[in-house]
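What follows is the residue order along each chain.
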Amino acid sequence: MRLDVVSIFPEYLAPLRQSLLGRAVADGRIQLEVHDLRRWATDRHRSVDDTPYGGGAGMVMRPDVWAAALDDVAPAGATVVVPTPAGHPFSQATAADLARREHLVFACGRYEGLDQRVVLDAARRVEVLELSIGDYVLAGGEVAALVVIEAVTRLLPGVLGNPESAVTDSFGEGSPGLLEHPAYTRPVEFRGLAVPPVLLSGNHAAIARWRRDESLRRTARRRPDLVARLDPATLDAADRAV
Ligand SMILES: COC(=O)c1ccnc(N)c1
């Protein structure tokens, strides 16, 4: 997979060169290039924004600068991702979809965002996805791009240490629609708190049952919206008893 990120704060993307992802970049399993948007600015002040038509607070990022950048960075076949609070909700399913693509280009906006014609123009030749990582506003798209890139690249074979965990995590294919159960490791007692005995029993069926029950309980408590979306056909009698 190739990743390109365009931003006026390229140093915000430095975390992409750390940890497992950084190793995948260093050994070439992932190609990563971060671009400073000001490279495409044309005036001597290298300005990238201007006042909004129709009035209102804040500044809008200029279409000429962004279009020139995307013309260079997003060739046919690339998928352009524009992080924005007004975007489609980013989900594990979206991450799985993006993980199957060859080339992702992240257009990180600041201020009040990009002139909409940047999206409209790019959409004439590549797929453009405006994505939100949640119902809150950030100062810029860079942190959202880091979130999306991490959620996507951890699904790529050979990038994540343990491919199995990409399946069993919350929202992973292994537990569709349920939050992950609690996890425990040594010591068996810590500050007066014990590990649930079933996890020490070696009874794999009982452990699987306990984990599923805990996932159902946690999901019912924290995310009743997910419970409402569960397919009843996937719940057995034991599930219903939780
Ligand atoms: C400037 O970008 C944002 O504020 C943003 C991007 C993606 N998701 C959000 N929830 C916010």
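Residues numbered from 1 in each chain as written. Predicted model: local features only at pLDDT ≥ 70, side-chain atom pairs only at ≥ 80, totals over all residues. Heavy atoms only, no water.

Caption draft 1: How the structure looks around the overall build of the protein. Along the protein, the regular secondary structure elements total 9 helices and 9 strands. Principal-axis analysis of the C-alpha atoms gives the protein an extent of 70 × 40 × 40 Å. Among the 242 residues that make up the protein, the fraction classed as buried is 42%. Taking as baseline every contact in the protein between residues at least 6 positions apart, the subset at least 24 positions apart corresponds to 71%. (Helix = DSSP H or I, 4+ residues; strand = E, 2+ residues; numbered from the N terminus. Buried < 20%, exposed > 50% of the residue type's maximum accessible area, 1.4 Å probe, protein only. Contact = heavy atoms within 4.5 Å.)

Caption draft 2: Molecular detail of the environment of V81. Within the element layout of this structure, V81 appears in strand β5 (residues 79–89). Separated by 49 residues in the primary sequence, V81 and E130 place their C-alpha atoms 5.9 Å from one another. Setting aside its immediate chain neighbours within four residues, V81 contacts L98, V105, F106, A107, L129 and L131.

Caption draft 3: Representation of helix α3 (residues 92–99) within the structure. Listed as buried for α3 are T94, A95, A96, L98 and A99. Buried residues belonging to α3 abut β5, β6 (103–107), β7 (127–132) and α5 (142–153).

Caption draft 4: The arrangement of the site of the ligand in detail. T84, I133, G134, Y136 and L138 are the nearest of the 13 residues found near the ligand. Within the backbone of I133, a nitrogen or oxygen atom sits 2.9 Å from a nitrogen atom of the ligand. Between Y136 and the ligand, the recorded distance is 2.9 Å, taken from a backbone N or O atom to a nitrogen atom. Compared with its free state, where it exposes 310 Å², the ligand has 95% of that area covered by protein. Because more than half of its atoms lie within 2 Å of the grid, the ligand is assigned to the second largest pocket. Mapped by element, the contributors of at least two residues to the shell around the ligand are β5 and β7. The dominant element in the shell around the ligand, judged by the number of residues it contributes, is β5, at 3 residues. The residue inventory of the shell around the ligand, partitioned by class, reads 8 nonpolar, 5 polar and no charged. (Near = heavy atom within 4 Å. Polar contact = N/O pair within 3.5 Å; in protein donor to acceptor, adjacent residues only side chain to side chain. Areas by Shrake-Rupley, 256 points an atom, 1.4 Å probe, with all protein chains shown as cover. 1 Å grid on protein atoms, 1.4 Å probe; cavity = no way out; pocket = protein on both sides within 12 Å on 5 of 7 lines; lining within 4 Å. Sits in = over half its atoms within 2 Å of the grid points. Nonpolar A, V, L, I, M, F, W, Y, C, P; charged D, E, K, R; others polar.)

Caption draft 5: How the structure looks around the nonpolar core. By size, the foremost hydrophobic cluster in this structure holds 28 residues, and its most contacted members are L3, V5, L16, I30, L98, F106 and V152. Listing elements by their share of this core, those giving two or more residues are β1 (2–7), α1 (19–26), α3, β6, β7 and α5. A per-element tally of this core places α5 first, with 6 residues. Among residues more than four places away in sequence, those in contact with L3 are I30, Q31, L32, E33, L104, F106, I149 and T153. Membership of the second largest hydrophobic core comes to 24 residues, among which are M61, A74, V82 and V126. (Core = buried A, V, L, I, M, F, W, Y, C linked by side-chain atoms within 4.5 Å.)

Caption draft 6: Region of the structure containing the pairing of β6. For β6, the buried fraction is high: 5 of the 5 residues fall into the buried class. Where β1 lies against β6, 5 bridges are found, and the strand directions are parallel. Within β6, the position partnered with L3 by the bridge is L104. (Pairing = 2+ DSSP bridges.)

Caption draft 7: Expanded view of unusual backbone geometry. Omega for the peptide link from R186 to P187 comes to 5°, which places this bond in the cis form. Inspection of the secondary structure puts P187 in the loop between α6 (163–168) and β8 (189–190). A positive phi is found at S19, a non-glycine position, where the angle reads about 55°. Structurally, the position occupied by S19 is in helix α1. Residue S19 is classed as exposed on the basis of its relative accessible area of 60%. The backbone phi angle of R191 is positive, close to 50°, even though this residue is not glycine.

Caption draft 8: A look at the packing of α3 against α5. At a minimum axis distance of 8 Å, the contact between α3 and α5 shows a crossing angle of 70°. By the angle class used here, α3 and α5 are roughly perpendicular. Relative to α5, α3 is oriented so that their crossing is right-handed. Contacts between α3 and α5 involve A95, L98 and A99 on the former and, on the latter, V148, A151 and V152. (Axes fitted to C-alpha atoms, helices over the stretch in contact; angles between N-to-C directions. Parallel < 35°, antiparallel > 145°, perpendicular 65-115°, else oblique. Left-handed = near helix turned anticlockwise from the far one by under 90°.)

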